[in-house]
Amino acid sequence: MPAKTAIKTIWTLSSGQDGCDMQITGVAGGLAKRTGAAIIAKQLHPPAWRQLFAPYGRPAPQADIQAPWPHVVLAAGRQTIPYALAIGKQAKGATFTAILQNPRRAPALFDFIWAPAHDALEGDNVFSTLTSPHALTRDALTEAAAQLKPRLTNMARPWIAVLLGGPNKAYRFDMADMARLVQHLRGLAEKGAGLMISASRRTPPAHFARLKQALAELGEQVIFFTPPNSTLPANSTLPATNDAPQPDYNIYHGILGLAQAIIVTGDSVNMVSEACFVGVPVWVFHLQGGSRRFNNFHKTMQAQGLVHALTGNIEAENMGTENAESVDNMLATITQAPPANSANGLPINSTDEIVEMLYKHCIEKFENN
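Please read all numbers here as calculations on a predicted model, not as lab measurements.

The rules behind these values
Residues numbered from 1 in each chain as written. Predicted model: local features only at pLDDT ≥ 70, side-chain atom pairs only at ≥ 80, totals over all residues. Heavy atoms only, no water. Axes fitted to C-alpha atoms, helices over the stretch in contact; angles between N-to-C directions. Helix = DSSP H or I, 4+ residues; strand = E, 2+ residues; numbered from the N terminus. Parallel < 35°, antiparallel > 145°, perpendicular 65-115°, else oblique. Left-handed = near helix turned anticlockwise from the far one by under 90°. Contact = heavy atoms within 4.5 Å. Nonpolar A, V, L, I, M, F, W, Y, C, P; charged D, E, K, R; others polar. Buried < 20%, exposed > 50% of the residue type's maximum accessible area, 1.4 Å probe, protein only. Pairing = 2+ DSSP bridges. Patch = residues over 30% accessible without salt bridge, like charges linked within 9 Å, V, L, I, M, F, W, Y side chains within 5 Å. Areas by Shrake-Rupley, 256 points an atom, 1.4 Å probe, with all protein chains shown as cover. Salt bridge = Lys/Arg side-chain N within 4 Å of Asp/Glu carboxyl O. 1 Å grid on protein atoms, 1.4 Å probe; cavity = no way out; pocket = protein on both sides within 12 Å on 5 of 7 lines; lining within 4 Å. Points joined across faces, edges and corners; volume = space filled by probe spheres on them. Polar contact = N/O pair within 3.5 Å; in protein donor to acceptor, adjacent residues only side chain to side chain.

On to the packing of helix α6 (residues 175–190) against helix α7 (residues 205–215). It is the contact of α6 with α7, at a shortest axis distance of 10 Å, that shows an interaxial angle of 30°. Considered as vectors, α6 and α7 are oriented roughly parallel to each other. Crossing of α6 against α7: the hand is right-handed. Where α6 abuts α7, its residues M175, M178, A179, V182, L185 and R186 lie against A206, H207, R210, L211, A214 and L215. Of the residues belonging to the contact of α6 with α7, the class tally is nine nonpolar, one polar and two charged.

Another point: the pairing of strand β11 (residues 282–285). Every second residue of β11 is oriented toward a common face, with V282 and V284 on one face and W283 and F285 on the other, all of them buried. Here four bridges tie strand β10 (residues 261–265) to β11, and the two strands are oriented parallel to one another. The residue of β11 that forms the bridge with I263 is W283. Summarising the sheet, β11 and strand β12 (residues 308–310) pair through three bridges and their orientation is parallel.

With that out of the way, let us pick up a nonpolar patch on the surface. Nonpolar side chains collect at one region of the surface, where W49, L52 and F53 lie side by side and expose about 410 Å² of accessible area between them. Mapped onto the fold, W49 is located in helix α3 (residues 48–51).

An order of β2-β1-β3-β4-β5-β6 is seen for the six strands of this open sheet, with the pairing classed as parallel. The sheet is open, and its two edges are formed by β2 (38–43) and β6 (126–129), each paired on a single side. Neighbour-to-neighbour, the strand axes of this sheet turn through a mean angle of 20°, independent of strand direction.

Attention shifts here to the pairing of strand β5 (residues 112–116). Most of β5 sits inside the fold, with five of its five residues counted as buried. Covered by surrounding structure in β5 are F112, W114 and P116 together with I113 and A115, the residues of both alternating faces. In this sheet, β5 lies alongside strand β4 (residues 96–100) in parallel orientation, the contact comprising three bridges. Within β5, the residue paired with L100 across the bridge is W114. As judged from the four bridges shared by β5 and β6, these two strands associate in the parallel manner. Paired with A115 across the strands is S128, a residue of β6.

Attention now moves to the layout of surface pockets. Taken as a whole, the largest pocket spans an internal volume of roughly 1700 Å³. Lining the largest pocket are 50 residues, with G19, C20, R202, S268 and N270 sitting closest to its centre. Residue assignment for the lining of the largest pocket shows that the elements contributing at least two residues are α2 (18–35), β5, α8 (248–258), α9 (269–278) and α10 (292–303). A total of six residues in the lining of the largest pocket trace back to one element, the largest contributor, which is α2. Here the residues of the lining of the largest pocket sort into 21 nonpolar, 18 polar and eleven charged. Its boundaries defined by the atoms lining it, the second largest pocket holds a volume of some 350 Å³.

Strands sit in the order β9-β8-β7-β10-β11-β12 across an open sheet of six strands; the sheet is parallel. In this open sheet, the two strands that pair with only one neighbour each are β9 (222–225) and β12. Across the sheet, the mean angle from the axis of one strand to that of its neighbour is 20°, orientation sign disregarded. Both strand β7 (residues 159–163) and strand β8 (residues 194–198) contribute to a ladder of five bridges, which runs parallel. Paired with I160 across the two strands is L195, which belongs to β8.

Along the chain, N125 falls in the loop between β5 and β6. The exposure class assigned to N125 is buried, which follows from its relative accessible area of 12%. A polar contact of 2.9 Å, which involves the side chain of N125, links it to the backbone oxygen of P107. Residue contacts for N125: discarding those within four places in its chain leaves P107, F110, D111, F112, I113 and H361.

This is the structure:
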């Protein structure tokens, strides 16, 4: 059965987790582009007591989760799993169930699972990649970079994007970590680099304030960006222009599109994966803490030459000789040609790989039914 007649509708199931939603958006968008299918987003609202049992138990009734069922349902996060299973069962095999991340249920219950390689999940229907899928596209970065570039005429080069995460179950990301990061960034700026610093919704306000205060004297050599709806004090410190302001996420895309190198904190596989998509040298700033899964991911990324490690204990008041040399080495790496983050000079994009494998599994199922 031809794909464009077999796959006409894709439901995406969201429980409101930003990381999962970005993965779903990227994969669903890629599959829709490949098949011509319409994407219908479903926001789930299970009561608190049902959330405690997820990914087990039955889903709570929800008015917009009913027949006619879609050709493909795409879900990520444990709160979505009961719904995906129920849809697959009620559709009697007519809906293809695809899961992003380890569902914590038997893989055979689903048609397709993508899981990160560091999860070591196995099954005939399991596909794994080292980095995670995302919603970035080359066209979006190029367009946003063109919008942002006129605002940075006074910023020194090379331009380095700095992507900040925040504390989670594996990493404390405390003020000691922030103090080390400040000194790394100051060392780069003192050598002439321009810094484009982007916070996330998980970045603590106190950490962001510490960073802005510590780098305030650098003026237009540093810009700061915060995402919408965050608790941080200001959306950005971009120089004003006569043009209408651009949406915040265009600014984030612009930062990535203009970056000649990226520094990203190591608390998020998604953030590291997005950084590696850009195709410039990537340094992971390692935080105190970690876990087996995170450690395996970072070790493999570094061993394969996809990222560099940014570590080291830096005195608060004085950059030592060793650290000054590391700054020189970073700047030398940035100016190498081609300045890419992999051995063959190509950026890393797992989204396309996942979409291609998902597409093949979908067609196989529909052709056999």
